[in-house]
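# Coordinates in review
Listed below are the residues making up each chain.
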Amino acid sequence: MSTRRVTGVHWLLLLGIVAVCLIYSRGLDGPWLYDDMPNLVDNHQLAIQADVVDEWRTASFSSGAGVLRRPLSMLSFTAEHALQGELRPATSKAVNLVIHSFNGLLVYLLCLQLMRSPRMQGVAVHRGEWIAAGAALLWLVLPLHLSTVLYAVQRMAQMSTLFVLLGLYVFARYRHAWSEQGGTPGDVLAAVLWMLLLWLGASLSKENGLLLPWLVAVVEFCFYRGRWRGKRIAWFNTLAWFALLLPAIVLVLIGLVGPDWLINRYATRDFTLGERMFTQARLLWQYLGWIVWPDIAHMGLHHDAVRLSTGLLAPVTTLISLLAWCMVILAGLVLRNRAPLLLFALAFYLVGHASESTIWPLMLAFEHRSYLPSVGVCLLLASLLCWRPRGVSQARFPWPLAGALGICLVMLNFRAAAWSNADTLHAVDVHNHPDSSRSHYVYGNALLRDFQAQRAEATLEKIERRDRLVAIRYHFGEAARLYPEDVAVLVTLYQLDSNYFAALNTAPDWLARLRQEIARRPLRPADVGALKSLMRCLAKESCPGGESLTEDILAELEQVHPGRADRFILRHLYQEQAGVEAARRMAGLRDGLVLFPGDQRLQYRLLREAAFVGNAGLAYEMGRQIMRGDPHRWQQSTLRKIYHVAPQ
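Quick look at the structure, then. Since we're looking at a predicted model, the values are computed, not measured.

What counts as what
- Residues numbered from 1 in each chain as written.
- Predicted model: local features only at pLDDT ≥ 70, side-chain atom pairs only at ≥ 80, totals over all residues.
- Heavy atoms only, no water.
- Helix = DSSP H or I, 4+ residues; strand = E, 2+ residues; numbered from the N terminus.
- Expected span 1.5 Å × (residues − 1).
- Buried < 20%, exposed > 50% of the residue type's maximum accessible area, 1.4 Å probe, protein only.
- Contact = heavy atoms within 4.5 Å.
- Disulfide = S-S within 2.5 Å.
- 1 Å grid on protein atoms, 1.4 Å probe; cavity = no way out; pocket = protein on both sides within 12 Å on 5 of 7 lines; lining within 4 Å.
- Points joined across faces, edges and corners; volume = space filled by probe spheres on them.
- Nonpolar A, V, L, I, M, F, W, Y, C, P; charged D, E, K, R; others polar.
- Patch = residues over 30% accessible without salt bridge, like charges linked within 9 Å, V, L, I, M, F, W, Y side chains within 5 Å.
- Areas by Shrake-Rupley, 256 points an atom, 1.4 Å probe, with all protein chains shown as cover.
- Salt bridge = Lys/Arg side-chain N within 4 Å of Asp/Glu carboxyl O.
- Axes fitted to C-alpha atoms, helices over the stretch in contact; angles between N-to-C directions.
- Parallel < 35°, antiparallel > 145°, perpendicular 65-115°, else oblique.

### Observations concerning helix α16 (residues 374-385)
Given 3.6 residues to a turn, an α-helix orients residues that are three or four positions apart in the same direction. Between the first and last C-alpha of α16 there are 16 Å, a value that for twelve residues agrees with the 16 Å anticipated at 1.5 Å per step. Of all twelve residues that make up α16, nine are buried, and the element is covered over most of its length. Looking at the buried side of α16, the elements it contacts are α5 (89-115), α6 (125-141), α8 (155-181), α13 (273-292) and α15 (340-352).

Written as structure tokens, this is what we have:
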């Protein structure tokens, strides 16, 4: 009888995975998205010669994201490119879906092992199997996770989660045996080596993987609590307490002491360290709400409209959120013997968010940050949905769980349909987040690209053309209204008005606002990208002002930001687009290298110019300087490709 029950659970799990894959397949044809562009689409190092071993190395370290550069995740994209000759969004998202399915199986195996732990001995075997399967299925069908699976570059979060889940499962398997039988030194050494290997894999996929030892401490504290050979060892339990609290204490101390290196990293953000920490207290409840009550109307790619917490009472929900966290953590500790899953869900959720929702100066909110932390919450929810009162057969099918899964599948289907193409995705994002500047900006850009493509094909009537332009300008105008400091929005509006609304006398002076904005604060990478777009517009005479205006803007940059080489990059880009002679372009780059001798962007540009004019000596000198500034040889494959092409 037991075998049939286990088989039934397995069949349900398999059916759930198939249903999830079918629903997700609706969104596989969706577009590349924002971080996909620099990391994947425009990353020329991924285009390797498969038989050159070193190119696999340089491609794997080509992301530049994070401290460790996430080479395992990039290696998977490199393999895709090598097999197909290019990267295709549908293929990348299909691979993500396979990883998501495999992660769901690991959630099941981990939860099943935890349900068999000493702390859960009161749970019947078949009920534990249903709870484990329910947790995995809930996790698989959560609509919140769609933006992780169908956002190609978020494979980094998925692969890190894969190694973390595998590491926790290996730990739980060993600890289950040790809790009853003890372990030999060889067993302990084998477990340590496996954990180190999986920790390395998780960390080299994304830095969140560094949390694996802390999550191991969570599992130990909640489920095993120092039990060894059937007895509870006091010092072992104390060690679990210490391992659980030490990282949290370190994070708090770093935040309180506020070292200069951390404070300075907030210079390009619109919020301070304290404001981010206060805001995260509220956002953690919001993430939790999306898991427990997955209202897809509040989900989306952009959450830049989040109100910033500038103090405990601004808004007052900041204080309420902090007090609520203190209360639920205290409740989890008080009830840890009677309700260990509650403590596990809280601890796993908070520790899982420790790398991206604490002191580090990242953007405030992203849905993919809950991909791993939601595992513990799903286990708790599954246990509640599989609960049976006394006197009711524990073998009955858990219909509340089936109902919750059905609701999630319906909502997941709606989200997948919205992600099936760019227009629908961005339109839904604007509808769900009308106060998001980023949503309006991205939707405006999508409409503008479509307009330009159809205009080139002469498929638009005059009235339709006018209506399209008005809609495009409306969304960019909304973006500027909601976030007046966004340089990219100001540049786009200046270009748009210069090209299509020149006769509009009531238009704001976007150029003046742009120049004011870049003069008042440090430049961000997105600002530099926007200024590059402006240089192209000025060079092609689509925007008025030409070289005179370009030099005025660059002079202002030199005055306000003298320690940045961006002005030389921008000048060279303008000259290149405007067809200025090579000698003059090279002279400007040489001037930049006098002030910024180690800037690889300037060196690469001068290298390409030297190759273009046939100056082999200068080209090899630039290559030498680039290699001197690149001790790890990340740029070696790029240089090889440049030197392989002989100057014409």
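So that's the structure; there's more coming.
### Describing the state of the cysteines
Tallied over the full model, the rule gives one disulfide. Disulfide partner of C537: C543, at an S-S distance of 1.8 Å. Given an S-S torsion of about 85°, the disulfide between C537 and C543 has right-handed geometry. Summarising the burial analysis for this pair, C537 and C543 share the class buried. The thiol of C222 is not disulfide-bonded; the next cysteine sulfur, from C111, is found 13 Å away. Cysteine C386 remains unbridged, with the sulfur of C111 as its closest cysteine sulfur at 11 Å. Given the relative accessible area of 4%, C386 is considered buried.

### Focus on the layout of surface pockets
Considering only enclosed or pocket space, the second largest pocket measures out at about 1,000 Å³ in volume. Lining the second largest pocket are 31 residues, with A248, V252, I329, L350 and T358 positioned closest to its centre. Within the residue set of the lining of the second largest pocket, elements represented by two or more residues are α11 (234-257), α13, α14 (317-334) and α15. It is α11 that provides the largest number of residues to the lining of the second largest pocket, a total of eight residues.

### Observations regarding empty space enclosed by the protein
In total, this model carries three cavities of 30 Å³ or more according to the counting rule given. Lining the largest cavity are A157, T161, N208, G352, E356, H368, R369, Y371, L372 and P373. Each residue belonging to the lining of the largest cavity can be placed in one class, and the counts come to four nonpolar, four polar and two charged.

### Focus on a nonpolar patch on the surface
Taken together, V67, L68, V188, L189, V192, L193, L196, W199 and L210 make up a surface patch of nonpolar side chains, about 780 Å² in accessible area. When you line up the elements, L189 lands in helix α9 (residues 185-205).

### Considering the packing of helix α23 (residues 525-539) against helix α24 (residues 546-560)
In contact at an axis separation of 9 Å, α23 and α24 are set at 155° when each is read in the N-to-C sense. The pairing of α23 with α24 is recorded here as roughly antiparallel in orientation. For the pair formed by α23 and α24, the contact residues are L531, L534, M535 and L538 on the first element and G546, L549, T550, I553 and L557 on the second. The residue makeup of the contact of α23 with α24, split by class, is seven nonpolar, two polar and no charged.

### A look at the side chain of Q113
Positionally, Q113 belongs in helix α5. Residue class for Q113 comes out buried when judged on its relative accessible area of 7%. Those residues in contact with Q113 that sit more than four places away from it in its chain are Y169, A172, R173, H176 and Y224.

Geometric values such as these leave the question of function open.
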